[in-house]
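Chain by chain, the residues:
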Amino acid sequence: MSGRLVEINFDGIVGPSHNYAGLSLGNLAATAHAGEPSHPRAAALQGLAKMRAAMALGLAQGIFVPPPRPNDAWLAALAWREGADRALLAGAWSASAMWTANAATVSPAPDTADGRCHLTVANLVTMPHRAHEWPDTLRQLRCAFAGHRHFAVHGPVPPCFGDEGAANHMRLAPGHGEPGVEVFVYGRPGGRFPARQHEQASRAVARHHGLDPARTLFIEQAPEAIAAGAFHNDVVAVANGRVLLAHERAFADPDRACAMIRAALPEAEIIIVPDSAVSLAEAIRSYLFNAQLVSLPDGVGGAPGGGMALVVPREAHESAPVRRWAEGLIAGNGPIRRVVPVDVGESMANGGGPACLRLRVVADPATVDPRFLLDEGKAERIEQVVARHWPEQIDPADLGRAALADAVRAARAALLEALGLEELA
Ligand code: SUG
């Protein structure tokens, strides 16, 4: 058993090929921005600024590096050539691995039968451009969490069942280091947009992780939420500690969902945002729920221990209905004491808010490969690499150009070198 268990947020460093190709049907932001120019350098710097904001709150911060792009082996396997579907070309260039909430599902040590932290890499099979992420992600997870005494890293569940990782998984626990209740949210196929998380994938992950059935819940996402653009549960709900913050229309049977959670964890505090305060459409547009709900350590920002902050995208902070609701929340003196806005606009335009960009791992930082942990000095070094090597702008028409491919590869190589992670080349 580890010593000091804390929540570490592992953010994906936005890759140098970040672009807007409109590849994700059902992700309204991504399809709305298809074809627009992207700004990889600004995107990566925004991500780093968010990580710094989390560190300023006293939180432990980790990083994952982007996978190799363009993925030429994938294009070769598809026998792609000029004139073939450009969506496949864009898929090979996608920087979508930045959204590490989709990298894996994580069950911390206090929840598992063998007392280790279990991670299952997500197969992401529903979207072709994401389905080729997992081999590189798995390699990276095995590098970051190599200590077998503390971690078990599993391969993906079979591709017959889509799994999108932690974006459809919530954990409620009195404290991060105490046994918790794990909530898996799945979608039922057959609607207007793809249901990306299959119930059987969630159940397989729970079994692989050795979770206690009495503290493991499977809840169906509301089909109307998926149809409205909530392609992952983390677009309409977020949990931390004993708090669940969810939209009224997040779950197929909200009363049953809340009853199940309360039965498994009587001290759970469930905060439902009514549709009358923030409509489902506005919740999805503003990404209010794609927030990082974090426990503030003692004394941070004057907050007494036990207080939480909600790290929201600027878009949510600027939404009139969200502001009105948030003012009431803070005035109500509940567990959420602060709302912290961050600007991740480049990621947001592809449907990735603050919560998408991070994978939460409850672990003793001393058991994690230190190359994946961030401090101020390392953040500065990464920023220098990004400022020097990341393309300023990519137009979708640029994808496939040899000079850009070389620049993107060189940029990643410079990052790996700066981090001492050349073995991931
Ligand atoms: O899978 N967007 C990602 C956004 C993932 C957000 N993650 C969470 N909600 N946890 C997706 O839809 C768009 C790429 C493009 O169209 O170029 C994209 O993949």
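Keep in mind the model is a prediction, meaning the values are calculated, not measured.

**Quick look at the overall build of the protein chain**
Helix and strand counts for the protein chain stand at 15 helices and 15 strands. By the compact-globule yardstick of 22 Å for 425 residues, the protein chain fits well, its C-alpha radius of gyration being 20 Å. Counting only C-alpha atoms and orienting by the principal axes, one finds that the protein chain spans roughly 60 × 45 × 40 Å. Sequence-distant contacts in the protein chain: of pairs separated by 6 or more residues, those separated by 24 or more amount to 77%. For the protein chain, the accessible surface area stands at approximately 15600 Å², while carbon and sulfur atoms represent 54% of it.

**Considering empty space enclosed by the protein**
Where empty space is left can be seen by rolling a probe of water-molecule size over the atoms. With the rule as written, the count across this model stands at nine cavities of 30 Å³ or more. As for the largest cavity, its lining consists of 24 residues, and the residues nearest its centre are Glu7, His169, Met170, Arg171 and Arg360. At the level of secondary structure, the elements contributing two or more residues to the lining of the largest cavity comprise β6 (169-172), β9 (237-240) and β15 (358-363). By residue class, the composition of the lining of the largest cavity is 14 nonpolar, five polar and five charged. As a volume, the second largest cavity reaches approximately 200 Å³. Every residue lining the second largest cavity is counted, 24 residues in all, and those nearest its centre are Ser24, Ser96, Trp99, His129 and Asn350. In the lining of the second largest cavity, the residues fall into nine nonpolar, 13 polar and two charged.

**Concerning the pairing of β9**
Alternating residues of β9 divide into Ala237 and Ala239 and Val238 and Asn240, and every residue in both groups is buried. Joining the antiparallel neighbours β9 and strand β10 (residues 243-247) is a turn of two residues, in which Gly241 adopts a positive phi near 55 degrees.

**Details of the nonpolar core**
Soluble, globular proteins show a tendency: their nonpolar side chains are buried together. Ranked by internal contacts, the top residues of the largest apolar core, which has 81 residues, are Phe10, Phe145, Leu244, Phe251 and Val361. Val273, Ala283, Leu293 and Met308 belong to the second largest nonpolar core, which has 20 residues in total.

**With respect to the layout of surface pockets**
Here the largest pocket defines a volume of roughly 400 Å³. Along the walls of the largest pocket sit 21 residues, with Glu7, Leu59, His176, Ser295 and Pro297 positioned nearest its centre. Top element by residues in the lining of the largest pocket is strand β1 (residues 6-12). It accounts for three residues. Counted by class, the lining of the largest pocket contains 11 nonpolar, seven polar and three charged residues. In this structure, the second largest pocket occupies an estimated 240 Å³ of space. At three residues, helix α10 (residues 280-286) tops the list of elements feeding residues into the lining of the second largest pocket. Tallied by class, the residues present in the lining of the second largest pocket amount to nine nonpolar, five polar and three charged.

**Brief notes about the packing of aromatic side chains**
Centre distance and the angle of the planes are the two values used to describe a pair of aromatic rings. Applying the stated rule across the entire model yields six aromatic pairs. Ring geometry for Phe10 and Phe145: centres 5.3 Å apart, planes at 75 degrees, overall edge-to-face. Residue Phe10 is found in strand β1, and its partner Phe145 is found in the loop between α6 (134-144) and β5 (151-154); the two are separated by 135 residues along the sequence. Taken as a pair, Phe10 and Phe145 share a single burial class, namely buried. Aromatic side chains Phe64 and Phe372 sit 6.4 Å apart centroid to centroid with 65 degrees between the ring planes, which places their arrangement in the edge-to-face category. Of this pair, Phe64 sits in strand β2 (residues 60-64) while Phe372 sits in the loop between β15 and α14 (376-389), placing them 308 residues apart in sequence.

**Some remarks on helix α12 (residues 320-331)**
Taking 1.5 Å per residue, 12 residues should reach 16 Å; α12 reaches 17 Å between its end C-alpha atoms and fits that length. Along α12, the residues that are buried comprise Val322, Trp325, Ala326 and Leu329. Taken down its axis, α12 places every buried residue within 100 degrees of arc, on the same side. What points out from α12, more than 90 degrees from its buried face, is the exposed set Arg324, Glu327 and Ala331. In this structure, the buried residues of α12 make contact with β10, β11 (269-273), α10, β13 (308-313), α11 (314-317) and β14 (336-342).

**Observations regarding the site of the ligand**
The immediate surroundings of the ligand are formed by 21 residues, with Leu23, His129, Arg196, Asp234 and Cys356 found nearest. One nitrogen or oxygen atom from the side chain of Arg130 is found 2.8 Å from an oxygen atom belonging to the ligand. Judged by its atoms lying within 2 Å of the grid points, the ligand is housed in the second largest cavity. For the shell around the ligand, a count of residues per class yields eight nonpolar, 10 polar and three charged.

Parameters at a glance
Residues numbered from 1 in each chain as written. Predicted model: local features only at pLDDT ≥ 70, side-chain atom pairs only at ≥ 80, totals over all residues. Heavy atoms only, no water. Helix = DSSP H or I, 4+ residues; strand = E, 2+ residues; numbered from the N terminus. Rg over C-alpha atoms; globule rule 2.2 N^0.38 Å. Contact = heavy atoms within 4.5 Å. Areas by Shrake-Rupley, 256 points an atom, 1.4 Å probe, with all protein chains shown as cover. 1 Å grid on protein atoms, 1.4 Å probe; cavity = no way out; pocket = protein on both sides within 12 Å on 5 of 7 lines; lining within 4 Å. Points joined across faces, edges and corners; volume = space filled by probe spheres on them. Nonpolar A, V, L, I, M, F, W, Y, C, P; charged D, E, K, R; others polar. Buried < 20%, exposed > 50% of the residue type's maximum accessible area, 1.4 Å probe, protein only. Pairing = 2+ DSSP bridges. Core = buried A, V, L, I, M, F, W, Y, C linked by side-chain atoms within 4.5 Å. Phe/Tyr/Trp six-rings, centres within 6.5 Å; stacked < 30°, edge-to-face > 60°. Expected span 1.5 Å × (residues − 1). Arc of directions from axis to C-beta. Near = heavy atom within 4 Å. Polar contact = N/O pair within 3.5 Å; in protein donor to acceptor, adjacent residues only side chain to side chain. Sits in = over half its atoms within 2 Å of the grid points.

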